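Each chain is listed here by its residues.
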Amino acid sequence: MKKDFISILDINKEELGQLLSDAIELKRQKKAGITHQLLPGKTLAMIFEKSSTRTHISFEVGMNELGGHALFLNARDMQIWRGEEIRDTSRAASRYVSAMMIRAYKHSTIEEFARYATIPVVNGLSDMEHPCQLLADIMTMQEHFGSTKDLKVAWVGDGNNVCHSLILSTVLTGLDVTVSAPKGYEPDPGYMKKAEKLGGKVKFVREPEKAVKDAEVIVTDTWVSMGDEGERDERLKLFGDYTVDSDLMRLASPSARVLHCLPAHRGEEITDEVMEGGQSLIWDEAENRLHAQKALLVRLLKK
Ligand code: CP
Ligand code: NVA
């Protein structure tokens, strides 16, 4: 049966462990100049309804480095934008390519693609989840701290798609996550409940100062996600206390590190000082998108 990766919980603990060790090995080999032909003749269609820098580059480079090929498709140039049905697009594309990666406004769009596809479908970000980002984040935390078990993580800011994937990831990683967000911007309660039910350690506090207390990892993201642009002014007013700055960092563990999926808005969710400072793991995190997704593609596509 074909495997999809639409949510981080589409893999189990063992599969995540294997994927991370593959990613670390692929990273080591790339640095040693070792090249591969792990996916010869395979094509990944990358369908984007929204902008992207990292997801686009890392998937395309990843496929090339595995000996395959990636096809960039702006959804606005496809018939889907003129009303062709997802089920028809998905079945036709399944006859040409080996897998599809989709970045969509609605999570249900990606689910519908997957329902009709006969090939693996990967979520390259939806309004609700960003599982590929979490693969890179987990890999970065594991590399830096040696283990994710009971590692104290604080989320500061919007309870958004990346936050939802972080919450679900507690089930697989043993991360101990505290989310802080302004009123009205809490993560979807369904994600908190699902993680708790499956044994994940996750709690909510309103104040960012309480969330970061003794935390080893501080994670933040934009206050205005793609699709939320119409609420920008209102959000900027409400999120003022949720900037990850040096004062907030002083409340965390002295050895704490910072993650941000990027793109960042310096002076909003994070200061320039924290981004450029010694506690940032942001560039390793961005790099790890490549290695983690290569491991994922091999898992989904190799016979
Ligand atoms: N973090 C991330 O997904 O970045 P892009 O939007 O640039 O792909
Ligand atoms: N939460 C952000 C993540 C961007 C990678 C967004 O959805 O725009």
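See the structure printed just above.
Source: prediction; values computed, not measured.

### Examining the overall build of the protein chain
For step 1, the next point in the chain: For the protein chain, the helix and strand inventory stands at 12 helices and 9 strands.
For step 2, the next point in the chain: Taken over the C-alpha trace, the protein chain has a radius of gyration of 19 Å; the compact-globule value for 303 residues is 19 Å, and the two agree within 12%.
For step 3, the next point in the chain: Its C-alpha atoms give the protein chain principal-axis dimensions of about 55 × 45 × 35 Å.
For step 4, the next point in the chain: Buried residues in the protein chain amount to 55% of all 303 residues.
For step 5, the next point in the chain: For the protein chain, the proportion of contacts with a sequence separation of at least 24, taken over those separated by at least 6, is 74%.
For step 6, the next point in the chain: Of the roughly 13300 Å² that the protein chain leaves accessible, carbon and sulfur atoms contribute 50%.
For step 7, the next point in the chain: Averaged over its 40 positive side-chain charges, the protein chain has a centre that lies 6 Å from the centre of its 46 negative ones.

### So, the sheet that holds strand β8 (residues 217-220)
For step 1, the next point in the chain: Strand order across the open sheet formed by 5 strands is β7-β6-β5-β8-β9, with parallel pairing between neighbours. At either end of the open sheet lies a strand with only one pairing partner, and these are β7 (201-205) and β9 (257-260). The sheet shows a mean angle of 20° between the axes of neighbouring strands, direction not considered.
For step 2, the next point in the chain: As paired elements, strand β5 (residues 152-156) and β8 share 4 bridges and run parallel to each other.

### Section: the packing of aromatic side chains
For step 1, the next point in the chain: Enumeration according to the criterion identifies 4 aromatic pairs in this entry.
For step 2, the next point in the chain: When the centroid spacing of 6.4 Å and the interplanar angle of 70° are considered together, the rings of Phe239 and Tyr242 count as edge-to-face.
For step 3, the next point in the chain: Judged by its relative accessible area of 0%, Phe239 falls in the buried class.
For step 4, the next point in the chain: Members of the aromatic cluster, joined through ring pairs, are Tyr185, Trp223, Phe239 and Tyr242.

### Considering the site of ligand 1
For step 1, the next point in the chain: Residues in close proximity to ligand 1 include Ser52, Thr53, Arg54, Thr55, Arg103, His130, Gln133, Cys261, Leu262 and Arg289, which together make up its full environment.
For step 2, the next point in the chain: A distance of 2.9 Å separates an oxygen atom of ligand 1 from a polar atom in the side chain of His130.
For step 3, the next point in the chain: Burial of ligand 1 by the surrounding chains reaches 96%, relative to a free accessible area of 250 Å².
For step 4, the next point in the chain: Of the pockets mapped on this structure, ligand 1 occupies the largest pocket.
For step 5, the next point in the chain: A per-class count over the shell around ligand 1 returns 2 nonpolar, 5 polar and 3 charged.

### A word on the environment of Ala104
For step 1, the next point in the chain: Its location among the elements puts Ala104 in the loop between β3 (99-103) and α4 (107-116).
For step 2, the next point in the chain: Residue classification places Ala104 among the buried residues on the basis of a relative accessible area of 0%.
For step 3, the next point in the chain: Ala104 sits 55 residues away from Gly159 along the chain, and the two C-alpha atoms are 18 Å apart.
For step 4, the next point in the chain: In this structure Ala104 touches Glu49, Lys50, Thr109, Ile110, Leu125, Ser126 and Asp127, once residues within four positions along its chain are discounted.

### Examining the pairing of β8
For step 1, the next point in the chain: By the alternation rule, side chains of β8 split into Val217 and Val219 and Ile218 and Thr220, which are all buried.
For step 2, the next point in the chain: Bridging between β8 and β9 involves 4 bridges; their strand directions are parallel. Residue pairing across strands places Val217 opposite Arg257, the latter belonging to β9.

Calculation rules
Throughout, a residue's number is its position along its own chain's written sequence, starting from 1. Whichever chain is written first becomes A and whichever ligand is written first becomes 1, with later ones labelled in order. Thresholds applied to this predicted model are a pLDDT of at least 70 for local features of residues and 80 or more for the giving and counting of side-chain atom pairs; totals over whole chains, interfaces and linings are not thresholded and use all residues. Each side-chain value is worked out from all heavy atoms of the structure, with water and hydrogens disregarded. A run of H or I in DSSP becomes a helix once it reaches four residues, and a run of E becomes a strand once it reaches two; helices and strands are each numbered from the N terminus. Our radius of gyration is a C-alpha quantity, and the globule rule it is checked against amounts to 2.2 Å times the number of residues to the power 0.38. Relative accessibility under 20% of the residue-type maximum defines a buried residue, over 50% an exposed one, and the middle range a partly exposed one, all with a 1.4 Å probe and only protein chains included. By the convention used here, residues are in contact when the closest approach between their heavy atoms is within 4.5 Å. All accessible-area figures derive from a Shrake-Rupley calculation using a 1.4 Å probe, and residue coverage is judged against the displayed protein chains alone. Charge counting treats Lys and Arg as positive and Asp and Glu as negative, with His and both chain ends excluded. A single reference atom marks each charge: NZ on Lys, CZ on Arg, CG on Asp, CD on Glu. Being paired, for any two strands, means DSSP has found at least two bridges between them. For helices, the axis comes from a line fit to the C-alpha atoms of the stretch in contact; other axes are also lines fit to C-alpha atoms, and the angle between any two N-to-C directions lies between 0 and 180 degrees. We call Phe, Tyr and Trp rings a pair once their centres come within 6.5 Å, taking the six-membered ring for Trp, and we label the pair stacked below 30 degrees between planes, edge-to-face above 60, and tilted otherwise. One heavy atom within 4 Å of a molecule or strand makes the whole residue count as near it. Polar contact criterion, stated in full: a pair of N or O atoms within 3.5 Å, where within protein one must be able to donate a hydrogen and the other to accept it, and residues adjacent in sequence count only if both atoms are side-chain atoms. The rule is simple: put a 1 Å grid over the protein atoms alone, call a set of points where a 1.4 Å probe fits but cannot get out a cavity, call an open set with protein on both sides within 12 Å along at least five of seven lines a pocket, and count a residue as lining if it has an atom within 4 Å of a point. Being in a pocket or cavity means that more than half of the molecule's atoms lie within 2 Å of its grid points. Asp, Glu, Lys and Arg are counted as charged, while Ala, Val, Leu, Ile, Met, Phe, Trp, Tyr, Cys and Pro are counted as nonpolar; the rest, among them Gly, fall into the polar class.

Function-wise, these values are silent; they only describe arrangement.
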